[in-house]
Amino acid sequence: MSPVRIRTLQSTDAEALLAFEMDNREWFERFIDARDAAFYTVQGVTDHIAAYLSGFTAGTWHPFVLEEAGGTIVGRANLKGIDMSERSAEVGYRIAQSACGRGLATLAVRHLIQEAQLHWNLKQLVANVYAGNMGSAKVLERCGFLIEPLSRQETTEHEYRFDLSI
Ligand SMILES: CC(C)(COP(=O)(O)OP(=O)(O)OC[C@H]1O[C@@H](n2cnc3c(N)ncnc32)[C@H](O)[C@@H]1OP(=O)(O)O)[C@@H](O)C(=O)NCCC(=O)NCCS
């Protein structure tokens, strides 16, 4: 098993990111919303990276990749919708099917929490998880997130919201 490092997404990642997203397209679509077909091209992924990096420059988005030695991307993790006035953001993550069960999502969420604190000085993180996604709920709970009481859930009955105060 190759060691994995987490780093900020960069503009030169298009080829490796396209391979990661294509190899795992069906796997991800079992748990999270499908992307447009146009995403799955070099141009589509290049545009996607440019949009994420401009969000990073604007201070609204912090995209990371999990990379094995040799440059293979095995996961992604994002701080999304960073709101400096509310000092909050949403977390999102996805791990290659072949790399699951090694603790990488837990590592990624812990990294997001650390970056949220040290880099962005945030105090609140949220995550939205579809009801059947037991693995994702376990990762969040292990990292200290609490499921919102049903009475306060704003999303649909098929999706649950988790919160972490940091
Ligand atoms: C959910 C996901 C991120 C988990 O990644 P991972 O790297 O395997 O996660 P970890 O290894 O850190 O931990 C997962 C834990 O959930 C458990 N788990 C996985 N599937 C499970 C299931 N169906 N029921 C109960 N537990 C489950 C694992 O056994 C593991 O617990 P353990 O370490 O005690 O054995 C990964 O499956 C994924 O990317 N799925 C598709 C995209 C997605 O769902 N993203 C999250 C959107 S909210």
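Summarised in this report is the structure supplied together with it. Small disclaimer: the values here were computed from a predicted structure and weren't measured.

## Observations regarding the sheet that holds strand β5 (residues 124-130)
Strand order in the open sheet formed by 7 strands is β1-β2-β3-β4-β5-β7-β6, with mixed pairing between adjacent strands. Each edge of the sheet is formed by a strand with only one pairing partner; in this case those strands are β1 (4-8) and β6 (146-147). Examined bridge by bridge, β1 and strand β2 (residues 62-68) share 5 bridges and lie antiparallel to one another. Bridged to Val4 within β2 is Glu68. Sheet contacts for helix α4 (residues 104-118): β1, β2, β3 (73-83), β4 (88-95), β5 and β7 (159-165); angle to β3, the most-contacted strand, approximately 30°.

## Some points on the site of the ligand
Near the ligand, the surroundings consist of 21 residues, among which Phe31, Cys100, Ala105, Met134 and Gly135 are the closest. For the shell around the ligand, the secondary-structure elements that each account for two or more residues are β4, α4, β5 and α5 (134-142). Per-element accounting of the shell around the ligand gives the leading share, 5 residues, to α5. Broken down by class, the residue content of the shell around the ligand amounts to 12 nonpolar, 6 polar and 3 charged.

About the thresholds
Residues numbered from 1 in each chain as written. Predicted model: local features only at pLDDT ≥ 70, side-chain atom pairs only at ≥ 80, totals over all residues. Pairing = 2+ DSSP bridges. Helix = DSSP H or I, 4+ residues; strand = E, 2+ residues; numbered from the N terminus. Contact = placed C-beta atoms within 7 Å. Axes fitted to C-alpha atoms, helices over the stretch in contact; angles between N-to-C directions. Near = placed C-beta within 6 Å. Nonpolar A, V, L, I, M, F, W, Y, C, P; charged D, E, K, R; others polar.

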